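Residue-level structural notes
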Amino acid sequence: MSKTWRPATQLVHGGTLRSQYGETSEAIYLTQGFVYETSEAAEARFKGETDGYIYARYGSPTNDMFEKRMCMLEGAEDARATASGMAAVSAAILCQVKAGDHIVAARALFGSCRWVVETLAPKYGIECTLVDGRDLENWEQAIRPNTKVFFLESPTNPTLEVVDISGVAKLANQIGAKVVVDNVFATPLFQKPLELGAHIVVYSATKHIDGQGRCLGGVVLADKDWIDENLHDYFRHTGPAMSPFNAWTLLKGIETLPLRVKQQTQNAAKIADFLAEQSKVAKVIYPGRKDHPQADIIAKQMIGGSTLVAFELKGGKEAAFALQNALEIIKISNNLGDSKSLITHPATTTHKNLTEEARAELGISPGTVRLSAGIEDTDDLIEDFAKALAKVSA
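All of the points below concern the structure found in this document. Keep in mind it's a predicted model, so treat the numbers as computed, not measured. (Residues numbered from 1 in each chain as written. Predicted model: local features only at pLDDT ≥ 70, side-chain atom pairs only at ≥ 80, totals over all residues. Heavy atoms only, no water.)

1. Focus: the overall build of the protein
Counting its secondary structure elements, the protein contains 16 helices and 12 strands. Its C-alpha atoms give the protein a radius of gyration of 22 Å, within 12% of the compact-globule value 21 Å for 394 residues. Projected onto its principal axes, the C-alpha coordinates of the protein cover approximately 75 × 55 × 35 Å. Expressed as a percentage of its 394 residues, the buried residues of the protein come to 57%. Residue pairs in contact within the protein that sit at least 24 positions apart in sequence constitute 73% of those at least 6 positions apart. (Helix = DSSP H or I, 4+ residues; strand = E, 2+ residues; numbered from the N terminus. Rg over C-alpha atoms; globule rule 2.2 N^0.38 Å. Buried < 20%, exposed > 50% of the residue type's maximum accessible area, 1.4 Å probe, protein only. Contact = heavy atoms within 4.5 Å.)

2. Looking at the layout of surface pockets
The volume enclosed by the largest pocket comes to roughly 910 Å³. Asp64, Glu67, Lys68, Asp78 and Arg80 are, among the 28 residues lining the largest pocket, the residues nearest its centre. Contributing elements (two or more residues each) for the lining of the largest pocket: helix H2 (39-47), helix H3 (61-74), strand E1 (78-82) and helix H10 (224-238). The residue makeup of the lining of the largest pocket, split by class, is nine nonpolar, eight polar and 11 charged. Of the volumes computed, that of the second largest pocket is approximately 360 Å³. Taken together, 23 residues make up the lining of the second largest pocket; nearest its centre are Met86, Phe110, Asn157, Ser204 and Lys207. For the lining of the second largest pocket, the secondary-structure elements that each account for two or more residues are helix H4 (85-94), strand E6 (200-204) and helix H9 (206-210). A class-by-class count of the residues in the lining of the second largest pocket yields 11 nonpolar, eight polar and four charged. (1 Å grid on protein atoms, 1.4 Å probe; cavity = no way out; pocket = protein on both sides within 12 Å on 5 of 7 lines; lining within 4 Å. Points joined across faces, edges and corners; volume = space filled by probe spheres on them. Nonpolar A, V, L, I, M, F, W, Y, C, P; charged D, E, K, R; others polar.)

3. A short note on the nonpolar core
Counting 33 residues, the largest nonpolar core has Phe66, Met70, Tyr203, Ile209 and Leu221 as its most contacted members. Sorting the residues of this core by element identifies H3, E1, helix H8 (187-190), E6, strand E7 (218-222), helix H11 (244-254), helix H12 (257-276) and strand E9 (308-313) as the ones contributing at least two each. The element that contributes the greatest number of residues to this core is H3, accounting for five residues. Among all residues touching Met70, those that are not within four sequence positions of it are Tyr203, Ile209, Val219, Leu221 and Ile254. Ranked by size, the runner-up nonpolar core spans 27 residues in total, among them Leu120, Ala121, Val220 and Ile227. (Core = buried A, V, L, I, M, F, W, Y, C linked by side-chain atoms within 4.5 Å.)

4. Notes on a nonpolar patch on the surface
Together, Ile28, Leu30 and Phe245 line one region of the surface with nonpolar side chains, adding up to about 290 Å² of accessible area. With respect to the helices, strands and loops of the structure, Ile28 is situated in the loop between helix H1 (7-13) and H2. (Patch = residues over 30% accessible without salt bridge, like charges linked within 9 Å, V, L, I, M, F, W, Y side chains within 5 Å. Areas by Shrake-Rupley, 256 points an atom, 1.4 Å probe, with all protein chains shown as cover. Salt bridge = Lys/Arg side-chain N within 4 Å of Asp/Glu carboxyl O.)

5. Remarks on helix H5 (residues 111-123)
An ideal rise of 1.5 Å per residue puts 18 Å on 13 residues; H5 measures up with 18 Å between its terminal C-alpha atoms. The sharpest bend along H5 measures roughly 30° and falls at Val117. Of the positions making up H5, those classed as buried are Gly111, Cys113, Arg114, Val116, Val117, Leu120 and Ala121. Where the residues of H5 are buried, they touch H4, strand E2 (102-106), strand E3 (127-131), strand E4 (147-153), strand E5 (178-182) and helix H15 (356-361). Immediately beyond the C-terminal end of H5, within one or two residues, lies Gly125, with a positive phi of roughly 80°. (Expected span 1.5 Å × (residues − 1). Bend = angle between axes of the 7 residues up to and from the residue.)

6. A look at the pattern of salt bridges
The full count for this structure, using the stated rule, is 18 salt bridges. Between Glu26 and Arg69 there is a salt bridge, with the nearest N and O atoms lying 2.8 Å from each other. Residue Glu26 is found in the loop between H1 and H2, and its partner Arg69 is found in helix H3; the two are separated by 43 residues along the sequence. Residue classification places Glu26 among the buried residues on the basis of a relative accessible area of 5%. Of the residues examined, Arg69 reaches a relative accessible area of 0% and is grouped as buried. Salt bridges sharing common partners tie together Arg107, Asp132, Arg134, Glu161 and Glu361.

7. What about empty space enclosed by the protein?
Applying the stated rule across the entire model yields three cavities of 30 Å³ or more. Here the largest cavity defines a volume of roughly 50 Å³. What lines the largest cavity is Thr159, Lys283, Ile285, Ala310, Phe311, Glu312, Gly363 and Thr368. Looking at the lining of the largest cavity, the elements with two or more residues in it are strand E8 (281-285) and E9. If one sorts the elements of the lining of the largest cavity by residue count, E9 sits on top with three residues. For the second largest cavity, the calculated volume is near 40 Å³. Lining the second largest cavity are Val184, Thr187, Pro188, Tyr203, Ser204, Lys207, His208 and Ile209. When residues of the lining of the second largest cavity are traced back to their parent elements, those giving at least two are H8, E6 and H9. With three residues, H9 is the single largest residue contributor to the lining of the second largest cavity.

Pasting the structure below:
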């Protein structure tokens, strides 16, 4: 496979393995195990003296294709496909820390991500400090002698804050820590954390990579040495492996990723501009707008906006619910990155387990709404919003 191929070509052809039958579409290898021609061949395989598959929990041809294709897109040396996005996050963090270590994480995280570092990790003697990730000084002040991992999302869920990835990476390199970036909201098309200095990238492939509401999946990407030394054994022995069927589904989804994300982003940008002009909307946050509070960092590390829009209604929860309930095309769902436009109220769904004070710190008010733009006709989506807003009390 050519390293000079551009993303749209990589995502159709990258990492493809064909059997002796020469199939056009990738084959699904639905098998738990593999057979060996001789006992000696089995012994050599288990010793690592010969290449090949041993057990589907460790890897399979279909999963291999998905991992290789993601590596090409991300510019990573190696990857492991996981059963879900949260399996990827948990594996990427926990595989490299032990009791007595310290994690610094941006406080603006998806609810389950925050639970992993704030609630789960301390149960195993791993300390965690949450910081306002927008200010590099906060990261620097949180460093301790035992700090091993920095963890962040950028843009963040749901308020689309942006973290200076290269700045955080420089701090991490000074102390020998690793930076883990959840890159879901930017997609691998608009932001390359590894090129910005991050060490590990994670995705919920359930989102844009599938993008059609069909299956769960995740992936961890990094250099081969880090995966061999940290993730390899954790992955083999704890079993967060992706199903080969899901890997095949994701391979089909990833072929159209550039087409879908392009349309989704165009829709998101136009909807953000429309919402910004509405009297019932208090504010709009979108990475493609010049009024984004961190537009300078966005210009430095992202080559596109986002498929997500965050906005706040003046009427609080009542107005947010009235808007969502009045929408016809746009569906209420906590998922994102789908071909269908989806909308959710974070305070009562994805971030409901946070305290009211914690939500306020993150800028999640009772009137905050998150839109994931789909690939529908732009004018239809804007008309849907216009009609729904008309039913919201002033």
